[in-house]
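Chain by chain, the residues:
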Amino acid sequence: MSLAELVYDWNTIDPELTLPNRHIGFDDETLRDGLQSPSVTEPPVEQKIELLHLMDALGIDTADIGLPGAGSTHAAGVELMAREIAEKKLKIRPNCAARTHRSDILPIIEISQRVGIPIEACTFIGSSAIRFFAEDWTLDKLLKLTEDAVSFAVGEGVPVMYVTEDTTRAHPETIRALYTTAIRCGAKAVCVCDTVGHSTPDGARSVVRFVKDIIEEQGGNIRLDWHGHQDRGLGVINSIAAIQGIGHWRAGGQHADGSIVGEPETHGLDSE
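Values in this document were obtained by computation on a predicted structure and should not be read as measured data. (Residues numbered from 1 in each chain as written. Predicted model: local features only at pLDDT ≥ 70, side-chain atom pairs only at ≥ 80, totals over all residues. Heavy atoms only, no water.)

Student: Go over the overall build of the protein chain, please, and point to the residues and values.
Tutor: When helices and strands are tallied, the protein chain shows nine helices and nine strands. Looking at the 272 residues of the protein chain, the share that counts as buried comes to 53%. Once local pairs closer than 6 in sequence are excluded, the contacts in the protein chain between residues at least 24 apart make up 78%. Carbon and sulfur atoms make up 55% of the accessible area of the protein chain, which totals about 13,300 Å². (Helix = DSSP H or I, 4+ residues; strand = E, 2+ residues; numbered from the N terminus. Buried < 20%, exposed > 50% of the residue type's maximum accessible area, 1.4 Å probe, protein only. Contact = heavy atoms within 4.5 Å. Areas by Shrake-Rupley, 256 points an atom, 1.4 Å probe, with all protein chains shown as cover.)

Here is the structure:
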């Protein structure tokens, strides 16, 4: 007896979801966000390098290898991992987190120059009204920080992904102003963040479509990432919804990011 005789598959009758018909890559955040949980012990750099090799063997596209601006110990570990990628000719591409300040970006530039491979600077900054209230920020201040940091990194030859924290609770015009500024200053990727796991699948689709429109208004050819968290158990379905939200956009590819340990999260989209 055949499977078709045993199972009537309603999933195939009138599907609303279709294959994206494009490469969907993966960015592994294990070595950065995954280590932020209080239940996780910071592994020695030798174990981190072992994980990098495993990621590479799995075909994972990119990996966040740390925040070197956090201090000399962090910077030394990041450099060892970047050097391993360069010397062993791993296919995985490194990126590093950085606040939207020159002091965080400079170590990435220096490590990239010493090791001899590009390291994407993932410059992050808050965007929701809650963050504005808590930090006593103004939009003008954030736009100035954005312009200075992104222009500095781009001027030094470092590829930039501009990240807005708490995007899924931010006002549309704030999102528009921040991303537009970053793109005009030379960022080649932007990242939408569901920092506290607030989003539902509908929200993930909506905000990604909104940012996609901003990118198209600025001429396209910008990667679009989704960074979601698992606080309400919706991390995976939100990432799928975010991929769906981009639709059949051909401005680039896509990534789904994630972490195998620690902080519960999944991530999202690229278009390159």
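After presenting the structure, the write-up continues.
Student: With reference to specific residues and values, describe the packing of helix α2 (residues 45-58) against helix α3 (residues 72-87).
Tutor: Look at α2 against α3: their axes get within 10 Å of each other, and the N-to-C directions meet at 35°. You can see that α2 and α3 cross each other, and the crossing is right-handed. For the pair formed by α2 and α3, the contact residues are Val-45, Lys-48, Ile-49, Leu-52 and His-53 on the first element and Gly-77, Leu-80, Met-81, Glu-84 and Ile-85 on the second. Within the contact of α2 with α3, the residues separate by chemical class into six nonpolar, two polar and two charged. (Axes fitted to C-alpha atoms, helices over the stretch in contact; angles between N-to-C directions. Left-handed = near helix turned anticlockwise from the far one by under 90°. Nonpolar A, V, L, I, M, F, W, Y, C, P; charged D, E, K, R; others polar.)

Student: An account of the pairing of strand β1 (residues 24-28) is needed here, citing residue identities and associated values.
Tutor: Each regular strand carries side chains that alternate between the two faces of the sheet. Two strands pair when backbone bridges link them, and β1 and strand β2 (residues 62-64) are joined in this way by two bridges, in the parallel orientation. Bridge pairing in β2 places Asp-27 opposite Thr-62. In this region the chain leaves β1, passes through α2 and returns to the parallel neighbour β2; the handedness of that crossover is right-handed. (Pairing = 2+ DSSP bridges. Right-handed = clockwise from strand over helix to strand, strands pointing away.)

Student: Please give an account of a nonpolar patch on the surface that cites residues and values.
Tutor: Among the surface-exposed residues, Met-1, Leu-3, Leu-6 and Val-7 lie close enough to one another that they form a single nonpolar patch of about 500 Å² accessible area. Examined against the element boundaries, Val-7 turns out to sit in the loop between α1 (3-6) and β1. Judged by relative accessible area, Val-7 falls into the partly exposed class, the value being 44%. (Patch = residues over 30% accessible without salt bridge, like charges linked within 9 Å, V, L, I, M, F, W, Y side chains within 5 Å. Salt bridge = Lys/Arg side-chain N within 4 Å of Asp/Glu carboxyl O.)

Student: Tell me about the packing of helix α7 (residues 172-184) against helix α8 (residues 201-217), and name the residues and values.
Tutor: At a minimum axis distance of 10 Å, the contact between α7 and α8 shows a crossing angle of 40°. By the angle class used here, α7 and α8 are oblique. The interaxial crossing formed by α7 with α8 has right-handed handedness. For the pair α7 and α8, the contacting residues are Pro-172, Ile-175, Arg-176, Tyr-179, Thr-180 and Ile-183 in the first and Val-207, Phe-210, Val-211, Ile-214, Ile-215 and Glu-217 in the second. Residues of the contact of α7 with α8, tallied by class, amount to nine nonpolar, one polar and two charged. (Parallel < 35°, antiparallel > 145°, perpendicular 65-115°, else oblique.)

Student: Quick one: what's the story with the side chain of Thr-181, residue by residue and with numbers?
Tutor: Within the secondary structure, Thr-181 is located in helix α7. Within the structure, the side chain of Thr-181 is placed 2.9 Å from the backbone oxygen of Ala-177, a separation counted as a polar contact. Contact partners of Thr-181, with chain neighbours within four places excluded, come to Leu-143, Thr-146 and Glu-147. (Polar contact = N/O pair within 3.5 Å; in protein donor to acceptor, adjacent residues only side chain to side chain.)

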